[in-house]
Amino acid sequence: MDSKLFPKTKTFTEESLKKQFRISEFLAEKIISSVAFLSIAVIFLIFIFVFKESLPLFSSGADSKALTEAEAKTNKPESYGATAEELKPETYGAETEELKPETYGSESVSNDDLKPESYGDAPKEDLTVPSTDETMDAVSQNQEGEDKTWSTFFTTEWVPVSDNPRFGLLGLLIGTLKVTIIAMLIAGPLAVLAALYTSCFASKRVKEIIKPVIEMLAAFPSVVIGFFALMVLASFFQDVFGYDSRLNAFIGGVAMALAAIPIIYTISEDALAAVPKTYTEASLALGASKWQTAFFVILPAATPGIFAALLLGIGRVFGETMIALMATGNAALVSANPFESVRTFAATIGSEMAETVFGETHYSVLFFIGSLLFIFSFALNAVAEFYVKGKLLKKFQGK
Amino acid sequence: MDTVINQTENHFFSSKKRGSEAKGKFFIGLTQLAVILIIAILFIILGIIVYQGRSKFSWEFISSFPTNGMTEGGIFPAIIGTFILVIVMSIAAVPFGTITALYLTEYAGENSKFAAAVRFSVRTLAVVPSIIFGLFGLGFFIQFIGAGADTVLNDGQLRWGQPNILWASLTMSLLTLPVIIVSVEEALKTIPRELREASLALGATKWQTIRKVILPESVSGIMTGTILAVSRGAGEVAPILFTGAAYYLATLPGSLSDQFMNLGYHIYIMSTQSSDVEKTMPIQFATTLVLLILTLSLNVVAVIIRARIRRKAK
């Protein structure tokens, strides 16, 4: 009956249309969820690939010998940036370059001209050349004692490029901690007090101005803050305190406090604003004044959130690279004096990675430091997320 | 006994109240001082950079190449490099960020463990130090994908297995992904339920509703996210330190496999490794000023759009 009423082709198209829509729905959902999965995958990939590059450190003894040898072979074609072969024409360039124009004329000249340009930093490349040779020697010397790298981890000497390289992470750790403590001592109280003012004392209009202005500080790139610290703060504080090294842990700490303030401020302000209004009303009704309510009722109630804010602030300071590179002086000195130069983990990676060669011990150690930083920031975030949020929820939803 | 306690309590209470007035003033003053201090620091930084950078800041400075070993001339290639970086970065990050946000608001169930894991990953991505992204870019994009592509496509000739603008942009896009996801998600949440329900009631499927109703409504949210991501990407230096930024290039990057100059990296290099830091000081301040104008103005625009979305939602 139906097939007589409607032409056959039409029912066919209708059915197929229906089916097609279901397929597209299904596809859309699957594609969207798999893209969402990507952000989980990225976290895993980051960990795997940062950790993978530091793996040569963990294989010990004879295995490592074979591994490093095998790697040295396989890596030659794919080594990053400047391989030994590639550099040769540049290093011994003087002769070949002088010869080439005469033999091949303008074409090869332009080729040679292009190469150094595309690599950019000629001085840097020159630096890598001796280090390749040196570290090749160092690796061969070090082979019988691959675990030597490990044993140097717990010393304070950071001498990555030498005949006898030492990778003392302790000095870097102390430097990083020193800067973090100074930065948090400045940023923590300032940001939390400012958040308290914004959420408890400021009028609505003032609040609408203060909040975006302070959050504007987050839009300052860290390289700008580092530059400001290097050019302005360092000289200013040297004039005030009169210490010897212009760039030191204190300057780095002050600059990093500037980077951490907006994070701590925003999250603590959110935490303070999330305290139920009934708390405030109950406190005021009992006769407490406004400031008593703010300091003895709202602030304690928001403690878990503020704790989370401080943790994330620590994470930011701990991993901050550009400010550390520019303002801390980058010398791995171990002392309790805040006005001594320090070298942080992140700054070490930032300043030395470009000068290492793929696969060598120094390279692996830098990636190992990277994995440490990653694990640390991951753990901080996990604590802030689960422990603190769980506590907050318990508190406000009546246990 | 009871009366004695009451008396002391009363006495204690009144004296506490008198003292608390002063104390209250002190504590409120303290919080005010914190706010004033932070805002003052912000304007001092801005003021000094504007003051020191203004002498060199001109159209010529923006539109010309560095000359004389980077001690004179402008920052044109650094600006262009930064632009290419943020454009390629946005092309990679915006679709992924938007789709992830769509999943979180439209598809994920309320108690979905998968969605919780995605949210956690996004928040983790937001707090991972930027230098780690640089390491990841080097280990994954350059050593793994780039070098792999070279062995397959170029017979082992080095082309993609080295730092370039593509890998730098992709590294940066991972860093800015959470910025986009958070902004788009926030915008999607402000779209009223009725709109979705009306569309579904008219017989549209879920995907049709998203494509024809939700996405057009969330354009401003996607824009905010993109602008904030661009502002962030333009200012970050650590991720590109060893994934593609170059010290000095005489030509603009011609393809994605070229290295590039970058404003932030330029500031870092000029202020720490320049041959004559004193002499190039005005150039450094002017470059910083350009970068600050770029990031701050983008942020202001984003704040304005966001405020408009919120007002609309009310």
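This is a predicted model, so every value here is computed, not measured.

**Focus on the overall build of chain A**
Move 1: Regarding its fold elements, chain A presents 18 helices and two strands.
Move 2: Expressed as a percentage of its 399 residues, the buried residues of chain A come to 48%.
Move 3: Residue pairs at least 24 apart in sequence account for 73% of intrachain contacts in chain A once pairs closer than 6 positions are excluded.
Move 4: When the accessible surface of chain A is totalled, it reaches about 19500 Å², and 65% of it is carbon and sulfur.

**Description of the packing of helix α4 (residues 113–127) of chain B against helix α6 (residues 165–189) of chain B**
All names here are of chain B.
Move 1: Contact pair α4 / α6: the axes reach a minimum separation of 8 Å and the direction vectors enclose 125 degrees. As judged from the angle between their axes, α4 and α6 are oblique. For the element pair α4 and α6, the recorded crossing hand is left-handed. When α4 is examined against α6, the residues Arg-119, Val-122, Leu-125 and Ala-126 are found in contact with a partner set consisting of Leu-174, Leu-177, Pro-178, Ile-181 and Glu-185.
Move 2: The residue inventory of the contact of α4 with α6, partitioned by class, reads seven nonpolar, no polar and two charged.

**A look at the environment of Ala-229 of chain A**
Move 1: By the secondary structure assignment, Ala-229 of chain A is in helix α11 (residues 222–241).
Move 2: Its relative accessible area of 0% is what places Ala-229 of chain A among the buried residues.

**What to know about the interface of chain B and chain A**
Move 1: Counting from both sides, the interface comprises 87 residues of chain B and, opposite them, 84 residues of chain A.
Move 2: Around 7800 Å² of area is buried between chain B and chain A when both sides are counted, 80% of it from carbon and sulfur atoms.
Move 3: Per-residue buried area on chain B facing chain A is highest for Ile-38, Phe-120 and Gln-143 of chain B; these three make up 8% of the total on that side.
Move 4: For the interface between chain B and chain A, the tally reads one salt bridge.
Move 5: Residues Arg-123 of chain B and Glu-385 of chain A are paired through a salt bridge, measuring 2.5 Å at the closest nitrogen-oxygen approach.

**A look at α4 of chain B**
Residue and element names in this part refer to chain B.
Move 1: If you check α4, its first and last C-alpha atoms are 21 Å apart, about what 15 residues at 1.5 Å a residue would give, namely 21 Å.
Move 2: Along α4, the positions that sit buried rather than exposed are Ala-115, Val-118, Phe-120, Ser-121, Val-122, Thr-124 and Leu-125.
Move 3: Structurally, the start of α4 carries an N-cap: the backbone nitrogen of Phe-114 is 3.3 Å from a side-chain oxygen of Ser-112.

**Focus: the environment of Leu-138 of chain B**
All names here are of chain B.
Move 1: As for its placement among the helices and strands, Leu-138 is situated in helix α5 (residues 130–153).
Move 2: Residue class for Leu-138 comes out buried when judged on its relative accessible area of 0%.
Move 3: Taking the C-alpha atoms as reference points, Leu-138 and Gly-74, separated by 64 residues in sequence, lie 30 Å from one another.

**Thoughts on the packing of helix α9 (residues 169–201) of chain A against helix α15 (residues 303–319) of chain A**
Residue and element names in this part refer to chain A.
Move 1: α15 packs onto α9 with a crossing angle of 140 degrees between their chain directions and a minimal axis gap of 9 Å. Taken together, the axes of α9 and α15 are oblique relative to one another. The element α9 and its partner α15 pack so that their crossing is right-handed. The residues of α15 that touch α9, namely those facing Thr-176, Leu-177, Val-179, Thr-180, Ala-183, Met-184, Gly-188 and Val-192, are Ile-306, Leu-310, Gly-313, Ile-314, Val-317 and Phe-318.
Move 2: Residues of the contact of α9 with α15, tallied by class, amount to ten nonpolar, four polar and no charged.

**Looking at helix α14 (residues 290–301) of chain A**
Move 1: Compared with the 16 Å implied by 1.5 Å per residue over twelve residues, the 15 Å span of α14 of chain A between its first and last C-alpha is a close match.
Move 2: Within α14 of chain A the residues assigned to the buried category are Trp-291, Gln-292, Thr-293, Ala-294, Phe-295, Ile-298 and Ala-301 of chain A.

Cut-offs and rules
- Residues numbered from 1 in each chain as written.
- Chains lettered and ligands numbered in written order.
- Predicted model: local features only at pLDDT ≥ 70, side-chain atom pairs only at ≥ 80, totals over all residues.
- Heavy atoms only, no water.
- Helix = DSSP H or I, 4+ residues; strand = E, 2+ residues; numbered from the N terminus.
- Buried < 20%, exposed > 50% of the residue type's maximum accessible area, 1.4 Å probe, protein only.
- Contact = heavy atoms within 4.5 Å.
- Areas by Shrake-Rupley, 256 points an atom, 1.4 Å probe, with all protein chains shown as cover.
- Axes fitted to C-alpha atoms, helices over the stretch in contact; angles between N-to-C directions.
- Parallel < 35°, antiparallel > 145°, perpendicular 65-115°, else oblique.
- Left-handed = near helix turned anticlockwise from the far one by under 90°.
- Nonpolar A, V, L, I, M, F, W, Y, C, P; charged D, E, K, R; others polar.
- Buried area = accessible area lost by both parts, 1.4 Å probe.
- Salt bridge = Lys/Arg side-chain N within 4 Å of Asp/Glu carboxyl O.
- Expected span 1.5 Å × (residues − 1).
- Polar contact = N/O pair within 3.5 Å; in protein donor to acceptor, adjacent residues only side chain to side chain.

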